[in-house]
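Spelled out, the chains give:
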Amino acid sequence: MSMSGSHSSKLLSHPDKLLIDHLRNVGKMASKTVADKSLNLVESNLLKDMAYIIGITHDFGKATKFFQNYILEKDEKKRRSLKSIETTHHGLLSAFFTYSLVKEYLKQSKIEGGISEHLPIISFLAVKRHHGNLLNAMDEISDVDADEEDVLRTAEKQIETMDIAELGDMLSALVLEGNINLNINIKDVKNYILKGIMTDIFNEKRQVRNLGDKDDIFPYFLNQFLYSVLIDADKTDAGLDGISLDRLDIAGDLVDIYRANHFMGNSENINSLRNQIYEEAMDRIKSWNLNQKIISLNVPTGTGKTLTALSMSLKLRERLEKEKNIKPRIIYSLPFLSIIDQNYGVFDGVIFPKEQSESDTIKPPANPCDETEDETKPKGTHKDSRLLLKHHHLADVSYETDDEEYEADKSLLLLEGWNSEIIVTTFWQLFNTLFSNRNRQLRKFNKLANAIIILDEVQAVPHRYWQLIHDALTLLCDKFNSYVILITATQPLIFEEGAGEIQEIAERKEEYFRSLDRIDLMPMIEKALSLDEFKAILKNDLENEKDKDFLIVLNTINSATNIFDYISGLELENTKMCYLSTSVVPKERLKRINQIKETKGSAGPRKVIVSTQLIEAGVDIDADRVYRDFAPMDSINQVAGRCNRGSSNKEKGLVSVFILKDDRKEFYKYIYDPFLIEKTLEILRPKKGPIKESEFLELNNKYFKAVKRGMGEKDSKDSLDCITGLAFKDLSKKFKLIEDDLPTLNVFVELDEAAEKIWKQYQNLRHEKNNLERTKRYLKMKKCFSDYLISAPKKFAGPLVIDDSNIGHISRVELDNFYDKNTGFKRSGAGEGTIFF
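Residues numbered from 1 in each chain as written. Predicted model: local features only at pLDDT ≥ 70, side-chain atom pairs only at ≥ 80, totals over all residues. Heavy atoms only, no water.

**Student:** Break down the environment of Arg 685 for me, with residues and values.
**Tutor:** The topology assignment puts Arg 685 in the loop between helix 27 (674-684) and strand 16 (691-692). Sequence spacing of Arg 685 and Met 524 is 161 residues, and the spatial spacing of their C-alpha atoms is 9.3 Å. (Helix = DSSP H or I, 4+ residues; strand = E, 2+ residues; numbered from the N terminus.)

See the structure below:
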């Protein structure tokens, strides 16, 4: 048991930790998190004190006899019973203490106006929900008011069991240690809670209502920041006690060194353009106006945007540390899981330039889920997760330093807290940290302050949220001194360059786009074709161009499977077939992508790849001929980036766009926004003959201007209304980055012997009675388990669920009935009406 500190109280916060130690640690950590940030706020010191007060009071309700009886109980059944009793709960009573002290602090300090008007209710909400998800502020106040008698009766029972003198001594000691200018009489606080606090909290309704009328999103950001600071410190002290979270340095020239070792000396074709773009970006970032915090890197596909953006960020970070004493984390986000391993591998090769680098091909370690395997590594062979980590829902739960690898539960806490200098993550993680009510997501909100946030393939952001993301990122940069870099070949008009909201780092971008002549785009959209008509075209082209690699991208899994089966049946000579969609388990999908990359430009059979949309953005695949079912303009441009990517051949690549249909309607109508389709048709239909690559920039600019002019803003406005009114729960319901338009189930596929063993491990751990041990074991095997997990329509996968796990299972014995070795999960009529990547 932790016994630090001079105070003699024996009250516990956790089974192995004294309450005063926990409150002290959380207060110090929360205060330090705020103090370490460079904020564009006059009241920065006030926020530091607020974080400390919230930290030292957030668990005051644990000082009741009811809670102490619960935490000391050894019998698990009795503990569960005690935990369910209302008087054992500590959140609301702690929130009352916090609210009282914040009000008293502001009164004694004579602080009025500005952010101080919001701090009492924000502090109340943060502490009340520090173990759960945020609810709407107005609902929280109304619920307390509606149950006033019951609430006060419970609070009185709880307070009667507290040693008020002991609590007063504890609080006085903590206030003194934090150098907080606050004189406290704990008896006055007690009387205020029992007799006066309800009136003041009820009056906060007017404050919240006024916020909604002002259209000011800053109070929301202030709330999320302080809430994040509290729960991050709380979880860190409870679960990571004794682990150093000190920041590390990263050299600004790492990418320069990496490029010198990998690419220099090759100045032919596209590499010359990559070098020009890289060198211009590096020159510009050296003298970049640091007041311009939103940056664009808008250059053609295949020109090295990933490495350029990383190098820009490292050099910007170096400048910010020297010139502004800001040490930003780099948060690199991507829209699709299909490319996150690939780009993480590039970063890995830069940060850890050794033989164990993952930069060339992502390969799992041998027997990664073998519970009997000795996982001890020689000292010094670990990659330091404090420098680079990957975070998404399927990522391996593993966190390492130079000489230690943490257990799964601690690794998860470290990963979910974004405790690293460079974080590679998804749009889903990033935007659900900005626009969510969920405790687990919001914990890392404080890491967005003073960060360099990279949005790669930013054109994937739904246009309905452009205004919301514009307003949120602008405020993050203005108030929290963050920087945003948007990288894409097809820049959406989220920010207006003409209005000075964003500045392009590649000043010669028009020259770069005009200089390219790798491909022609051929819109074959005079009429919609049936799949049979499309097959006839494919057959002719595949047989006449036997030396060409083909990539065929379809809009639905059903149409992709149909076309793959047809081409396979042609039995083309010297041809390697490949199928990619989310119907194929992730492990096999990654293996196929790696095989395609490894054989790029090599002698051997030509490749014919049939895929859904997962291929179009960022996946480093190259083909001579690309056929694309009709899609919005930015998707067409992205898939065009998979054609003649390296420009190593003298012959130009060809991207042909068709409108395909079934017997009901065009396939694009099943999955794409009709507004975006309409704008794309307006752009492409007037074009006669092939469109040169040098015209792509102008084409994309016209498209996004048309989208900007005609788009509705209801979704953004609805979300912004929730933000200004502190309606956290409503916001979480309204903001949906990924539309769930069809019920799905996860299905585990025993594709091979390894999968069979993993499923047995999973079944065994489900019988583990110790909840903590079961969680640890699952986290350890989560990545391997996910490698064989697919998401399938519930109407087809439902019969595969055999118990209460809600996970479908295809055994090796059943494999031929439900899973095709080439095209994955078998379904009939699925795919229409939904989007499956």
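**Student:** Break down the packing of helix 15 (residues 305-324) against helix 16 (residues 337-351) for me, citing the residues and quoting the values.
**Tutor:** Viewed as axis vectors pointing N to C, helix 15 and helix 16 meet at an angle of 50 degrees, and their least axial separation amounts to 11 Å. Here helix 15 is positioned oblique relative to helix 16, judged by the angle of their axes. The hand of the helix 15/helix 16 crossing is right-handed. Of the residues in helix 16, those touching helix 15 at Thr 306, Leu 307 and Leu 310 are Asn 343, Val 346, Phe 347 and Val 350. (Axes fitted to C-alpha atoms, helices over the stretch in contact; angles between N-to-C directions. Parallel < 35°, antiparallel > 145°, perpendicular 65-115°, else oblique. Left-handed = near helix turned anticlockwise from the far one by under 90°. Contact = heavy atoms within 4.5 Å.)

**Student:** Tell me about the side chain of Thr 426, and please be specific about residues and values.
**Tutor:** Its location among the elements puts Thr 426 in strand 6 (residues 422-426). For Thr 426, the side chain forms a polar contact with the main-chain nitrogen of Gln 429, separated by 3.2 Å. Setting aside its immediate chain neighbours within four residues, Thr 426 contacts Ser 333, Leu 334, Leu 337, Ile 340, His 391 and His 392. (Polar contact = N/O pair within 3.5 Å; in protein donor to acceptor, adjacent residues only side chain to side chain.)

**Student:** So, the packing of aromatic side chains: which residues are in play, and what are the values?
**Tutor:** Per the counting criterion, the structure on display carries 31 aromatic pairs. When the ring of Phe 96 is compared with that of Phe 124, the centres are 6.1 Å apart and the planes differ by 25 degrees; the resulting orientation is stacked. Residue Phe 96 is found in helix 5 (residues 91-108), and its partner Phe 124 is found in helix 6 (residues 119-128); the two are separated by 28 residues along the sequence. Given the relative accessible area of 1%, Phe 96 is considered buried. Judged by relative accessible area, Phe 124 falls into the buried class, the value being 0%. Plain terms: the ring middles of Tyr 627 and Phe 658 are 5.5 Å apart, the flat faces sit at 65 degrees to each other, and that makes the pair edge-to-face. Taken together, the positions of Tyr 627 in strand 14 (residues 625-629) and Phe 658 in strand 15 (residues 653-661) put the pair 31 residues apart, joining distant regions of the chain. (Phe/Tyr/Trp six-rings, centres within 6.5 Å; stacked < 30°, edge-to-face > 60°. Buried < 20%, exposed > 50% of the residue type's maximum accessible area, 1.4 Å probe, protein only.)

**Student:** Requested: an account of the environment of Lys 776, with residues and values cited.
**Tutor:** Tracing the chain through its elements places Lys 776 in helix 32 (residues 771-786). When near neighbours in sequence (up to four residues on either side) are disregarded, Lys 776 contacts Glu 407, Ala 408 and Asp 409.

**Student:** Describe the confidence of the model for the protein chain, naming the residues involved and giving the relevant values.
**Tutor:** Taken as a whole, the protein chain shows an average pLDDT of 90; of its residues, 92% reach a score of 70 or greater. Low pLDDT, under 50, characterises residues 372-380; the stretch is placed with 12 contacts to residues that sit more than four places away or in other chains. (pLDDT = per-residue confidence, 0-100.)

**Student:** Kindly report on the sheet that holds strand 4 (residues 330-334), identifying the contributing residues and their values.
**Tutor:** Ordered in space as 5-6-4-7-8-3-9, the 7 strands form an open sheet in which the pairing is parallel. Whereas interior strands pair on both sides, the edge strands pair on one side only; in this sheet they are strand 5 (388-391) and strand 9 (503-504). Relative to strand 6, strand 5 runs parallel, the two sharing 4 bridges. Across the sheet, the residue bridging to Leu 388 is Ile 422, located in strand 6. Strands in contact with helix 18 (residues 427-434) are strand 4, strand 5, strand 6 and strand 7 (452-456); relative to strand 6, the strand with the most contacts, it is inclined by about 95 degrees. (Pairing = 2+ DSSP bridges.)

**Student:** With reference to specific residues and values, describe the pairing of strand 4.
**Tutor:** Summarising burial for strand 4: 5 of the 5 residues are buried, a large majority. Judged by which residues are buried, strand 4 turns out to be covered on both faces: Ile 330, Tyr 332 and Leu 334 on one side and Ile 331 and Ser 333 on the other are all buried. Two elements, strand 4 and strand 7, share 4 bridges in a ladder whose sense is parallel. Each residue of the ladder has a partner; that of Tyr 332, found in strand 7, is Ile 454.

**Student:** If you had to explain helix 24 (residues 586-598) to someone new, which residues and values would you point to?
**Tutor:** Here helix 24 spans 18 Å end to end across 13 residues, near enough to the 18 Å set by a 1.5 Å rise per residue. Taken together, the buried positions of helix 24 are occupied by Pro 586, Glu 588, Arg 589, Arg 592, Ile 593, Asn 594 and Ile 596. Of the surrounding secondary structure, the elements contacted by the buried residues of helix 24 are strand 12 (575-580), strand 13 (606-611), helix 32 and strand 18 (789-793). (Expected span 1.5 Å × (residues − 1).)

**Student:** An account of the sheet that holds strand 13 is requested, with residue identities and associated values reported.
**Tutor:** Overall, mixed pairing links the 7 strands, which are arranged 12-13-11-14-15-10-16 in an open sheet. Looking at strand neighbours, the two that pair on one side only are strand 12 and strand 16, the edges of this open sheet. Alignment of strand 12 against strand 13, held across 6 bridges, turns out to be parallel. Across the sheet, the residue bridging to Thr 575 is Arg 606, located in strand 13. Running over the sheet, helix 22 (residues 531-544) touches strand 10 (519-530), strand 11 (550-553), strand 13, strand 14 and strand 15 and is turned about 145 degrees from strand 10.

**Student:** Can you tell me about the nonpolar core, naming the residues and giving the values?
**Tutor:** Among soluble globular proteins, nonpolar side chains are generally buried collectively. Core analysis: the largest hydrophobic core is formed by 259 residues, its most contacted members being Leu 47, Phe 221, Phe 431, Phe 435, Leu 455, Ile 552 and Phe 630. Of the residues forming this core, the biggest block, 11 residues, is contributed by helix 12 (residues 218-239). One finds Ala 755, Ile 758, Tyr 762 and Cys 784 within the second-largest nonpolar core, a separate group that totals 12 residues. (Core = buried A, V, L, I, M, F, W, Y, C linked by side-chain atoms within 4.5 Å.)

**Student:** Mind laying out helix 5, listing which residues take part and the relevant values?
**Tutor:** With 18 residues, helix 5 should cover 26 Å at 1.5 Å per step; its first-to-last C-alpha distance of 26 Å lies within 8% of that length. Counting buried positions along helix 5 gives 13 out of 18 residues, so the element sits mostly inside the fold. Backbone geometry just after helix 5 places Lys 110 at a positive phi near 55 degrees.

**Student:** So what about unusual backbone geometry? Which residues, and what values?
**Tutor:** For Lys 110, which is not glycine, the phi torsion reads 55 degrees and is therefore positive. Along the chain, Lys 110 falls in the loop between helix 5 and helix 6. You can call Lys 110 exposed: its relative accessible area is 76%. A positive phi angle is found at Glu 571, which is not glycine, with a value near 50 degrees.

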